[in-house]
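Report on the structure
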Amino acid sequence: MAVMCLLVLFLAVVMAGTETTETPGCLHNGVYRREGESFDDGDCNDCWCSPWGVNCFSVLCATPQCHDSVFKAGDCCPSCPSGPNCRLPGGRIISVGVNVTMNGRVCRCDTPRTYFGILGVICTRGDQ
């Protein structure tokens, strides 16, 4: 009986020393995240820590408003180094608001005319 009492007392002391107050969370790339925390993983993914682990989705990028977009180092989405622009038939790129005469027609890169997120060229006869 004395041995049993000592065993119970020993277990009570050991269990008291191992009590944990750790909050639920996730370990991602060596960094501990709290449950519910959102973060950018540095690899163009939006992530959050859920009760089931880390969930990540690729960053969604808006369609660039240009035809000469580039990916700069460190950026997840493309940018327009020359500003908003359009591509004319034949490949020439013109800025928004610029008029160009081609084959008797006046073509303009017009801001309000977007087709699937890309700025469009509007061409009219030169006499209009």
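In short, a report on the structure. Keep in mind it's a predicted model, so treat the numbers as computed, not measured.

This part is about the packing of aromatic side chains. Counted according to the given criterion, the structure contains one aromatic pair. Taking 5.7 Å as the distance between ring centres and 15° as the angle between the ring planes, the aromatic pair formed by W48 and F57 counts as stacked. The class for F57 is exposed, based on a relative accessible area of 54%. Above the face of the F39 ring, R33 is positioned so that its terminal group lies 4.0 Å from the ring centre.

Moving on: the state of the cysteines. In the structure shown here, the tally under the stated rule is seven disulfides. Each disulfide pairs two cysteine sulfurs, and for C66 the partner residue is C80, the sulfurs being separated by 2.2 Å. The chirality of the disulfide connecting C66 with C80 is left-handed, given an S-S dihedral of about -90°. One end of the pair, C66, is in the loop between strand 5 (53-58) and strand 6 (85-87); the other, C80, is in the loop between strand 5 and strand 6, with 14 residues separating them in the sequence. What makes C80 partly exposed here is its relative accessible area of 25%. With a sulfur-sulfur separation of 2.0 Å, C86 is cross-linked through a disulfide to C109. Torsion about the S-S bond of the C86 and C109 cystine: about 65°, corresponding to right-handed handedness.

Conventions and cut-offs
- Residues numbered from 1 in each chain as written.
- Predicted model: local features only at pLDDT ≥ 70, side-chain atom pairs only at ≥ 80, totals over all residues.
- Heavy atoms only, no water.
- Phe/Tyr/Trp six-rings, centres within 6.5 Å; stacked < 30°, edge-to-face > 60°.
- Buried < 20%, exposed > 50% of the residue type's maximum accessible area, 1.4 Å probe, protein only.
- Lys NZ or Arg CZ within 6 Å of the ring centre and 35° of its normal.
- Disulfide = S-S within 2.5 Å.
- Helix = DSSP H or I, 4+ residues; strand = E, 2+ residues; numbered from the N terminus.

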